[in-house]
Amino acid sequence: MQFSILTDYFGTYMEGFRGTVLSSLLALVGSFLLGTLIAVFRISAVRALRWFGTGYTEFIRNIPLLLVVYIFYYGPSAFGSSLDGFTAGTIGLAVYTSAFIAEAIRAGIAAVPKGQTEAARSSGLTYVQTMTHVVLPQAIKLVIPPLGNQFINLIKNSSVLTIVAGLDLMYFADIVNSDTFRTFDTYVFVALFYLVLTLPLSYGMRVWERRLQRKY
Amino acid sequence: MIDFQQVDKHYGHFHVLKDINLHVEEGEVVVVVGPSGSGKSTMLRCINRLETITRGQLTVNGVSINDKKTDINKARRDIGMVFQHFNLYPHKKVIDNITLAPVKVLGVSRAEAEKTAMYYLEKVGIAGKAQAYPSQLSGGQQQRVAIARGLAMKPKIMLFDEPTSALDPEMVGEVLDVMRTLAKEGMTMVVVTHEMGFAREVADRVIFMDQGQIVEEAAPAEFFANPREERTRTFLSRVLSH
């Protein structure tokens, strides 16, 4: 194990690390918002929205992540426009993950007893008020564990950016590798960078879950 | 105040409510009894459109409840409902369970809503539990909170859907006491229950339902002493003989 690689190429690693963090953060927020919206579509009373939500989820969830990224990377050029690798990769990542998040949130909402909605609606609250004040706060507790898994998957999946030159951790690791030819060592250090992100996230989700369990 | 005219309801091929005609006056306490699956709860839940009707006319507080143009959220403000399983919001403290609808629906200030909430908690005898979570209360206490939650909207009508059926026997009394007080104060109430003692003592009128139909309705003394219909007699002999 040649630890000098880590110190010598620290700046290069860090550049990739920043790319991975930024892409993951953007995709995390994007996929959460998009996923919540799709989940709401899927339980909507409007049939067209339900169909759209289901179609979206089933289509995205059942094709490879790389393909989703390609859609955003190569797709725009078919219409005479273009997206750089980082942007296309991040959007693809957000869209891909949103399908899984939508499914997790839908399941969480479905698990809140029907009587909760009935009590809220019968007191005159609107559908939206019932969702925001009664159903979603209870669903979130059930949704945290699967959501945590999705966020961790998202960070790891961000390595797909490499393939579209998205300037992420793996992309810069390839640069380090082509310089050092110590392939194994180079990528072991990459793992450390990913763990720095995923382990605290995983721990944080567990703490949050426990805190909500304790509250009521 | 509540007026069912030739109301029918189908669940697919199942005919749940058959030609329901029922009129409830302001200040009246109507108790609905009958075997399980007779449609009592379904009928009750039509009043605030938790269930829709298939045919007929249903008017509550002068509003046609099943009309598409009716603002149902507005109509529901005046109709409080208490459920068999309480349906308190487990993530909210008792006080916040009660203030949610007044603040969000009626637009009253938080301070005023809390004052009202405390008034009704006092009334149902559990003001000391305002800051507790529902899971920290007994079933009887939870149901009394649910009643306070309904009352805090200052409704014109209160609906009770088997309010004591999920309670341990020793807690039934405390809930019925609150309902008895409410009835004495002139609240318009429709109560679906298996508590015959309550029906006999508090009801202005008892309705007996079976197989989706109103079989018999009478003042309680008459209803329990001289039931006219054979089906009513069979039912009463079953529930009163133990």
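Quick caveat, the model's predicted, so the values are computed rather than measured.

Definitions and cut-offs
Residues numbered from 1 in each chain as written. Chains lettered and ligands numbered in written order. Predicted model: local features only at pLDDT ≥ 70, side-chain atom pairs only at ≥ 80, totals over all residues. Heavy atoms only, no water. UniProt positions renumbered as here; feature names shortened; annotations may be inferred. Helix = DSSP H or I, 4+ residues; strand = E, 2+ residues; numbered from the N terminus. Axes fitted to C-alpha atoms, helices over the stretch in contact; angles between N-to-C directions. Parallel < 35°, antiparallel > 145°, perpendicular 65-115°, else oblique. Left-handed = near helix turned anticlockwise from the far one by under 90°. Nonpolar A, V, L, I, M, F, W, Y, C, P; charged D, E, K, R; others polar. 1 Å grid on protein atoms, 1.4 Å probe; cavity = no way out; pocket = protein on both sides within 12 Å on 5 of 7 lines; lining within 4 Å. Points joined across faces, edges and corners; volume = space filled by probe spheres on them. Patch = residues over 30% accessible without salt bridge, like charges linked within 9 Å, V, L, I, M, F, W, Y side chains within 5 Å. Areas by Shrake-Rupley, 256 points an atom, 1.4 Å probe, with all protein chains shown as cover. Salt bridge = Lys/Arg side-chain N within 4 Å of Asp/Glu carboxyl O. Core = buried A, V, L, I, M, F, W, Y, C linked by side-chain atoms within 4.5 Å. Buried < 20%, exposed > 50% of the residue type's maximum accessible area, 1.4 Å probe, protein only. Contact = heavy atoms within 4.5 Å. Lys, Arg positive; Asp, Glu negative; His and termini not counted. Charge placed at Lys NZ, Arg CZ, Asp CG, Glu CD. Pairing = 2+ DSSP bridges. Polar contact = N/O pair within 3.5 Å; in protein donor to acceptor, adjacent residues only side chain to side chain.

Here we look at the UniProt feature "transmembrane region" (unreviewed entry) in chain A
Residues and elements named next belong to chain A. Residues annotated in UniProt with the feature "transmembrane region" (unreviewed entry) correspond here to residues 20-41, 62-79, 85-105, 151-172 and 184-205. Between the C-alpha atoms that bound residues 20-41 the distance is 30 Å, and the span itself is 100% helix and 0% strand. Between the C-alpha atoms that bound residues 85-105 the distance is 29 Å, and the span itself is 100% helix and 0% strand.

Thoughts on the packing of helix α2 (residues 10-42) of chain A against helix α5 (residues 85-110) of chain A
Residue and element names in this part refer to chain A. Packing of α2 against α5 brings their axes to within 6 Å, and their N-to-C directions diverge by 40°. In terms of axis orientation, α2 runs oblique to α5. Seen from above, α2 lies across α5 with right-handed handedness. Split into classes, the residues belonging to the contact of α2 with α5 amount to 14 nonpolar, nine polar and three charged.

Quick look at the layout of surface pockets
Gaps left between atoms show up when a probe the size of a water molecule is rolled over them. Residue and element names in this part refer to chain A. Here the largest pocket is characterised by a volume of approximately 570 Å³. The wall of the largest pocket is formed by 19 residues, among which K114, T117, E118, R121 and Y127 lie closest to the centre. Elements that contribute at least two residues to the lining of the largest pocket include exactly α5, α6 (114-122) and α7 (127-157). Taken together, the residues that form the lining of the largest pocket break down as 10 nonpolar, three polar and six charged.

Observations regarding a nonpolar patch on the surface
Taken together, the side chains of M1, F3 and F184 of chain A present a nonpolar region at the surface, about 390 Å² in accessible area. For F184 of chain A, the location among the structural elements is in helix α9 (residues 183-215).

Looking at the nonpolar core
One finds L121, I147, M158, F160, M179 and M189 of chain B to be the most contacted residues of the largest nonpolar core, which totals 51 residues. Tallying contributions element by element places helix α6 (residues 169-184) of chain B first for this core, with eight residues. Residue contacts for M158 of chain B: discarding those within four places in its chain leaves G80, V82, I147, G150, L151, L182, M187, T188, M189 and V190 of chain B. A120 of chain A together with L44, I47 and A101 of chain B belong to the second-largest nonpolar core, a separate cluster that totals 38 residues.

Quick look at a positive patch on the surface
A grouping of R206, R210, R211 and R214 of chain A is seen on the molecular surface, where their side chains present a positively charged patch. Structurally, R210 of chain A is set in helix α9.

A short note on the sheet that holds strand β8 (residues 188-192) of chain B
All names here are of chain B. If you trace the six strands from one edge of the open sheet to the other, you get β6-β7-β8-β3-β9-β10, paired in mixed fashion. The open sheet terminates on both sides in strands that have one partner only, identified here as β6 (79-82) and β10 (213-218). When strand polarity is set aside, the average angle formed by the axes of neighbouring strands in this sheet is 20°. Pairing of strand β7 (residues 157-161) with β8, which is carried by five bridges, proceeds in the parallel orientation. Paired with F160 across the strands is V191, a residue of β8. The sheet contacts of helix α1 (residues 40-47) involve β3 (29-33), β6, β7, β8, β9 (205-210) and β10, and relative to β7 the element is tilted by about 150°. Across the sheet, α6 lies against β3, β7 and β8, angled at about 145° from β8, the strand it touches most.

Focus on empty space enclosed by the protein
Evaluation of the coordinates by the stated rule reveals one cavity of 30 Å³ or more. Lining the largest cavity are 15 residues, with A119 and S123 of chain A together with M81, R149 and G150 of chain B positioned closest to its centre. For the lining of the largest cavity, the secondary-structure elements that each account for two or more residues are α6 of chain A together with α2 (72-77), β6 and α5 (139-151) of chain B. Taken together, the residues of the lining of the largest cavity sort by class into eight nonpolar, four polar and three charged.

Things to note about the interface of chain A and chain B
Chain A puts 18 residues into the contact, and the matching count from chain B is 22 residues. Run the count over chain A and chain B and you get one salt bridge. E118 of chain A is the partner of R45 of chain B in a salt bridge, and the nearest nitrogen-oxygen pair spans 2.7 Å. Put simply, chain A and chain B have seven residue pairs in polar contact (both at pLDDT 80 or more) between them. Going through the elements one at a time, α6 and α7 of chain A are the ones with two or more residues in the side of chain A that touches chain B. A per-element tally of the side of chain A that touches chain B places α6 of chain A first, with seven residues.

Some points on the environment of D185 of chain A
All names here are of chain A. With respect to the helices and strands, D185 occurs in helix α9. Separated by 173 residues in sequence, D185 and T12 place their C-alpha atoms 15 Å apart. Sequence-distant contacts of D185, defined by excluding residues within four places in its chain, comprise M1, Q2 and I5.

Examining the side chain of N177 of chain A
All names here are of chain A. Inspection of the secondary structure puts N177 in helix α8 (residues 169-180). Given the relative accessible area of 16%, N177 is considered buried. At 3.0 Å, the side chain of N177 forms a polar contact with the side chain of T183. The residues contacting N177, other than those within four sequence positions of it, are R182, T183, T186 and Y187.

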